[in-house]
Amino acid sequence: MRGSQDVGSLSGMSGATLSFSSNDRSSMSGTATDEYMVRQWAMDALATMLQSMVVWSDRLADPSRSDTAEDADASAEDEAAAVAEAAAAAAAAGGEHDAGVASDDPQELLSINKRKQQYELGCKLFAWKASKGIEAWRKAGLIRSNEPRELARFLGSATNKGIDKLQLGEYLGEGDAYNIAVMHAFVDQMDFTGVEFVAALRQFLQAFRLPGEGQKIDRFMLKFAERYVIGNPDTGFANADTAYVLAYSTVMLNTDRHSHQVRSRMSKQEFINNNRGINDGSDVDPALLGSIYDQVDSEEIKMKDDPLECRVQNGGESTAGALFVLWGAGTANRMREQHAHATAAMAAKSEQSIRSMARMQRKQQQQQQHQRRPSVATLDASALVLDTTDYLHATRAAHVAAMFGLIWAAVLAAVSSPLQTSNDPQVVGACLVGLQAGVALACRFRMALERATFVSTLCKFSQLQGASDALRRKHVEAVRALVEVAASRGDVGDGLSDSWDDVLQCVSQLERLQPSAQATGGHAASSDGGWNDSRRGSDGAAARARLEASSQAVVVAVDRLFAASQYLSSAGIVDFVRALSRVAWSEVTSTPPRLFSLTRIVEVSYYNMGRIRVEWSQIWAVLGPLFDRVGAHGDTRTALFALDSLRQLSMKFLEKEELPHFAFQKEFLRPFADVLDSTVRDLLVKDMVLRCVLQLVQAAARHMRSGWKAILNVAQIAARDPADTIAEMGFNIARTCAEHHAQQMWAL
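Thresholds, definitions, all that
Residues numbered from 1 in each chain as written. Predicted model: local features only at pLDDT ≥ 70, side-chain atom pairs only at ≥ 80, totals over all residues. Heavy atoms only, no water. 1 Å grid on protein atoms, 1.4 Å probe; cavity = no way out; pocket = protein on both sides within 12 Å on 5 of 7 lines; lining within 4 Å. Points joined across faces, edges and corners; volume = space filled by probe spheres on them. Helix = DSSP H or I, 4+ residues; strand = E, 2+ residues; numbered from the N terminus. Buried < 20%, exposed > 50% of the residue type's maximum accessible area, 1.4 Å probe, protein only. Contact = heavy atoms within 4.5 Å. Salt bridge = Lys/Arg side-chain N within 4 Å of Asp/Glu carboxyl O. Polar contact = N/O pair within 3.5 Å; in protein donor to acceptor, adjacent residues only side chain to side chain. Core = buried A, V, L, I, M, F, W, Y, C linked by side-chain atoms within 4.5 Å. Phe/Tyr/Trp six-rings, centres within 6.5 Å; stacked < 30°, edge-to-face > 60°. Lys NZ or Arg CZ within 6 Å of the ring centre and 35° of its normal. Axes fitted to C-alpha atoms, helices over the stretch in contact; angles between N-to-C directions. Parallel < 35°, antiparallel > 145°, perpendicular 65-115°, else oblique. Left-handed = near helix turned anticlockwise from the far one by under 90°. Nonpolar A, V, L, I, M, F, W, Y, C, P; charged D, E, K, R; others polar. Bend = angle between axes of the 7 residues up to and from the residue. Expected span 1.5 Å × (residues − 1). Disulfide = S-S within 2.5 Å.

Participant: Which parts of the structure should I look at to understand empty space enclosed by the protein?
Facilitator: To locate leftover empty space, one rolls a probe as large as a water molecule over the atoms. In total, this model carries two cavities of 30 Å³ or more according to the counting rule given. Approximately 50 Å³ is the volume found for the largest cavity. Every residue along the wall of the largest cavity is listed here: Val 577, Leu 580, Ile 601, Val 604, Ser 605, Asn 608, Trp 616, Ile 619 and Leu 623. Looking at the lining of the largest cavity, the elements with two or more residues in it are helix H25 (570–588), helix H26 (596–607) and helix H27 (613–631).

Set out below in structure tokens:
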């Protein structure tokens, strides 16, 4: 782990461009081939993106991971310059970004993100029912009071940021006194000073979608007229009534000029004649009326990106301008049309992108060969696609957690389906790399749900719990991927927590296949490595998969997993040992009993002998009860193996010096007494206990401190045993201690 490997180190599977076989190519049409290639590229890009998130969080959390000190210094300078540039850009833009955000504070950004989520939730509720959305915004503290001016300020500042303009128009047009007050305050925020009449009307109708009810429209037009006259007192209008009538007349002209249902259209002179005497008995300047006519005739007054416009055009109905075509239509119907149109548009764009990307790929590759991509520093400001003033240069690993928290469910769905259905080694490899990266990120940032989901997905896909004849090489590779990522980094292992049960259970099941794999070792490997098993018999494919399970790469990966336990934290090693103990007990209680995990417990104990006494006390609190149970197991071979393992560990523990008044030796020798005092009736097991204790006395008496109490307790229990041979061995142990080590024992 300290010399950690990168996630996605599956040999021959990661880091390669995805491809497909010639057989697959010949069976596809041109369009299908293009789509297949794009999907492969997309999967490759997804795996690479997740890997980059792991590497990014590595470097942000530990700058020493950079290749050289010069690279680390250069990276730090670039980050500082980016933060300073963002702060300067924010100041130039009017201070929209405060210093806390420009300093890349994760807590501040999380707070902003929370407010954004609360705002977006309010937008969804507002689109369903305006009062529900406003109530949600108030509860979140986004709207600070119930004053109409405060609500109007909020709606006015957020109009172009996700609030449904259709519902906004309906809400502002309601006849309740509160709604009217909000609408008046909303319009009062608009400034029409020095703006031509038609331009002002266009600006007014962009803030919301004009409702279809006549009384609501009338209230809007009255307020618009008042506001326009206040901002333009020198227009020649006698009063606001003139602007009101002219606004209505202009909207009717817009419908007349741009509706396909109107057969006889109004001429300019007719428009002028229709507006005679509206200026408090006088006529409005004909030049102004003619200008209004020309502007409306040349450009329709309509809302930009009106969600209902395409519905009208596709249905062959009149666009009526889109302002008034749906007068009288229910709000629910209009919302359904809006959502249907948005869905259709997204599907069309996605399909077009898939086809165009495949056709443009070769051309882009040729251009990249002859043209070096310029760096951001050398690009002209006008050439940048994104406005960098709206972004911050992330310098802390905590940002990766928030990013992964948003995309993990979509990532899991994207990699799970191809993993189940594909036999292409490149596709399977990309999916497994993506799952590895997901496990690493979830463990690193202690994301329990995400970690459990990704680990369980890999475990279930391994098919080790099912029939062995359904096993394929990709299932073995899934176990290998899980084992490799678990052993890759200390923080990943620490974050696995109770998911160690799934990992170690897979390792146990994998070891179960190795005896049968060795029995079928004579099967020759196929030319494709056993991936495309659909063209061969299932028996042969399963045999090749079992052979892969015992391959050198898999065995090395499993060995590295247990060796890497020494790099786990104090809490991490306890989680690991606890899970290994549970798996070991499940093996012991199986039929026939298996000892694989129990053997690994001894190995793990040797690897972790260098840990401090406090950590070992926590580890032995888990291992001690396990040896109690296994040592008293009904299967003699299993019990003897557990006792011999306990003897080996005790010899190593006794080499550690114990100070007076400590009792660690007593604790790790206690299982001998517990087994002997249990319901075990097998004389071989009891004899093994006493022989192990006698050997410890003979070989490690000089290191014995608190362990003498456990030794004498074993001798006392043996002396009470009804079997003469066991009782005699107990007396011999007590005699040996008294004759050769009495002074040492009494000194304690």
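Participant: Can you walk me through the side chain of Ser 581 in this structure?
Facilitator: With respect to the element layout, Ser 581 can be found in helix H25. Classification of Ser 581 as buried rests on a relative accessible area of 5%. The residues contacting Ser 581, other than those within four sequence positions of it, are Ile 601, Val 622, Leu 623 and Leu 626.

Participant: For this particular structure, what's the right way to read the pattern of salt bridges?
Facilitator: A side chain with one charge can pair with a side chain of the opposite charge if their charged atoms come near. Taken as a whole and judged by the stated rule, the model has 30 salt bridges. The partner of Lys 652 in a salt bridge is Glu 655, and the shortest N-O contact between them spans 3.8 Å. On the accessibility criterion, Lys 652 (28% relative accessible area) is partly exposed. Close ionic contact of Asp 687 with Arg 691 constitutes a salt bridge, the shortest N to O distance being 2.6 Å. Of this pair, Asp 687 and Arg 691 both sit in helix H30 (residues 683–700), four residues apart, which is roughly one turn of the helix. Classification of Asp 687 by relative accessible area gives buried; the value is 18%. Through salt bridges with shared partners, a single network forms among Asp 58, Arg 444, Arg 489 and Asp 491.

Participant: Can you walk me through the side chain of Gln 436 in this structure?
Facilitator: With respect to the element layout, Gln 436 can be found in helix H18 (residues 425–444). Within the structure, Gln 436 has its side chain in polar contact with the backbone oxygen of Ala 481 (distance 2.9 Å).

Participant: How should I be thinking about the nonpolar core in this particular structure?
Facilitator: It is characteristic of soluble globular proteins that their nonpolar side chains tend to be buried jointly. Counting 124 residues, the largest nonpolar core has Trp 500, Phe 576, Trp 620 and Phe 672 as its most contacted members. The dominant element in this core, judged by the number of residues it contributes, is H18, at 13 residues. Not counting chain neighbours up to four residues away, the residues in contact with Phe 576 comprise Trp 500, Leu 504, Phe 562, Ser 565, Leu 568 and Val 604. In this structure, Ala 152, Ala 185, Met 190 and Phe 192 belong to the second largest nonpolar core, which totals 55 residues.

Participant: Just checking my understanding: could you explain the packing of aromatic side chains for this structure?
Facilitator: Two aromatic rings, taken as a pair, are described by how far apart their centres are and by the angle between their planes. Under the definition given, this model contains 29 aromatic pairs. Relative to Phe 576, the ring of Phe 562 has its centre 6.1 Å away and its plane inclined at 70°; by these criteria the two rings are edge-to-face. Within this pair, whereas Phe 562 is found in helix H24 (residues 552–563), its partner Phe 576 is found in helix H25, the two being separated by 14 residues in sequence. Exposure class is identical for Phe 562 and Phe 576. Each is buried. Geometry around Trp 585 places Arg 629 over its ring, the cationic atom sitting 4.5 Å from the centre.

Participant: Please clarify how the packing of helix H28 (residues 636–654) against helix H29 (residues 664–676) should be interpreted in this entry.
Facilitator: Two packed helices can be described by the angle between their axes and the distance between those axes. Contact geometry of H28 with H29 gives a least axis separation of 10 Å together with a crossing angle of 160°. In terms of axis orientation, H28 runs roughly antiparallel to H29. In this structure, the crossing between H28 and H29 has a hand that is left-handed. In this structure, H28 contributes Leu 643, Leu 646, Arg 647, Ser 650, Phe 653 and Leu 654 to the contact, and H29 contributes Phe 664, Gln 665, Phe 668, Leu 669, Pro 671, Phe 672 and Val 675. Among the residues forming the contact of H28 with H29, the class breakdown is ten nonpolar, two polar and one charged.

Participant: Help me out: how do you make sense of unusual backbone geometry in this one?
Facilitator: Trans is the common state for peptide bonds, and a negative phi is the common state for residues other than glycine. The step from Thr 591 to Pro 592 runs through a cis peptide bond, and the omega angle for that step is -5°. Within the secondary structure, Pro 592 is located in the loop between H25 and H26. Positive phi, close to 55°, is recorded for Asp 280, a residue that is not glycine. Relative to the elements of secondary structure, Asp 280 occurs in the loop between helix H13 (268–274) and helix H14 (286–298). Phi is positive for Arg 446, which is not a glycine, with a value near 55°. In this fold, Arg 446 is placed in the loop between H18 and helix H19 (448–461).

Participant: Got a minute to help me understand H29 in this structure?
Facilitator: Since the α-helix advances by 3.6 residues per turn, residues separated by three or four positions end up pointing in the same direction. Along its length, H29 shows its largest kink, about 35°, at Arg 670, and proline Pro 671 lies within four residues downstream of that point. At its buried positions, H29 is contacted by H27, H28, H30 and helix H31 (707–719).

Participant: Is there a simple way to explain H26 in this structure?
Facilitator: For H26, built from twelve residues, the straight-helix expectation of 16 Å at 1.5 Å per residue is met to within 8% by its first-to-last C-alpha distance of 17 Å. All of the buried residues in H26 are Phe 596, Ser 597, Leu 598, Arg 600, Ile 601, Val 602, Val 604 and Ser 605.

Participant: Whenever I open this one, the state of the cysteines confuses me. Can you help?
Facilitator: In a disulfide, the sulfur atoms of two cysteines are held together by a covalent bond. Enumeration according to the criterion identifies zero disulfides in this entry. With no disulfide of its own, Cys 459 lies 3.4 Å from the sulfur of Cys 506, the closest cysteine sulfur.

Participant: Help me understand the packing of H25 against H26 in this model?
Facilitator: Where H25 meets H26, the closest approach of the two axes is 7 Å, and the angle between their N-to-C directions is 150°. It follows from the interaxial angle that H25 and H26 lie roughly antiparallel. The element H25 and its partner H26 pack so that their crossing is left-handed. Judged by residue contacts, Ile 573, Phe 576, Leu 580, Ser 581, Val 583, Ala 584 and Glu 587 of H25 engage Phe 596, Ser 597, Leu 598, Arg 600, Ile 601 and Val 604 from H26. Along the lines of polarity and charge, the residues of the contact of H25 with H26 split into nine nonpolar, two polar and two charged.

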